[in-house]
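Residues per chain are reported as follows:
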Amino acid sequence: MNLKKPLDTWARAFGRGVFPHQMTWVLDLPGRGLIMSPRTVAGRLPLRPDAQVLEVGPGSGYYSVEVARRIPQGRLALLDIQPEMLAKCAEKLRAAGLENFATYPADGQALPFDDASFDAIFLVTVFGEIAEREAFLREAARVLKPDGVLSITEHHPDPDFESAQAVATGLQAHGFEPLQQLGWRWAYTLNAVPRRGG
Ligand SMILES: C[S@@+](CC[C@H](N)C(=O)[O-])C[C@H]1O[C@@H](n2cnc3c(N)ncnc32)[C@H](O)[C@@H]1O
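Residues numbered from 1 in each chain as written. Predicted model: local features only at pLDDT ≥ 70, side-chain atom pairs only at ≥ 80, totals over all residues. Heavy atoms only, no water.

Trainee: Would you take a moment to explain the sheet that holds strand β1 (residues 52-56) for this structure?
Mentor: Backbone-to-backbone hydrogen bonds join strands into a sheet, with any given pair of strands oriented parallel or antiparallel. Pairing in this open sheet of seven strands is mixed, and the strands run β3-β2-β1-β4-β5-β7-β6 from one edge to the other. Every interior strand has two partners, whereas the edge strands, β3 (101-105) and β6 (176-184), have only one. Sheet twist, expressed as the mean angle between neighbouring strand axes with direction ignored, is 20°. Note: strand β4 (residues 118-124) against strand β5 (residues 144-155), six bridges, orientation parallel. Bridged to Ile121 within β5 is Leu150. Packed on one face of the sheet, helix α6 (residues 83-95) meets β2 (75-80) and β3 and runs near 170° to β3. Those strands touched by helix α7 (residues 133-143) are β1, β4, β5, β6 and β7 (187-194), and its axis lies near 140° from that of β5. (Pairing = 2+ DSSP bridges. Helix = DSSP H or I, 4+ residues; strand = E, 2+ residues; numbered from the N terminus. Axes fitted to C-alpha atoms, helices over the stretch in contact; angles between N-to-C directions. Contact = heavy atoms within 4.5 Å.)

These results come straight from atomic positions and should not be treated as a statement about function.
Below, the structure written as structure tokens:
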């Protein structure tokens, strides 16, 4: 029996880099909600019922269902570099009776959307996996509406966890102004807005 492939998948799940789609059961562990629940994440987003929202790296949709529920007249765009993740995410949303979403297999470093398309962009345990942060942040600023919010949530024990201070410094260096930090140091959300006019 060749164990190389499964061992490699486990190593990728518990090491740094893109989280493997074969391991989504880890993302869906019931106890995860004690660290960062879907209600907490959704409650930290500026969601009107008709909001246009982009989730980058939804994985299997642990947070997507709650957000889609809160924007019944709006739309949730789900963009992930792994199409297999999007298939699982779509299945979860449909099982919850939700249809107000669309999936986009793409890299967050080149967003396939028009300028000023979204009221909010959110990411949970994804920022540390994006290889070219600068490109992503440039794209995020482009597709956000003028009063739109970029919301980055990080929590342990994600191997790609980045501290709020490191994320805030990166945001400031690449055109965003941090607005508020919520939660605590090992499980937090940082909301930021694009700095307009330079
Ligand atoms: C650790 S999982 C988190 C999934 C989900 N946000 C959650 O918290 O359950 C990271 C996700 O980000 C996606 N991802 C990583 N790099 C990406 C990139 N550059 N563009 C889009 N998605 C990316 C991965 O495919 C994976 O689905």
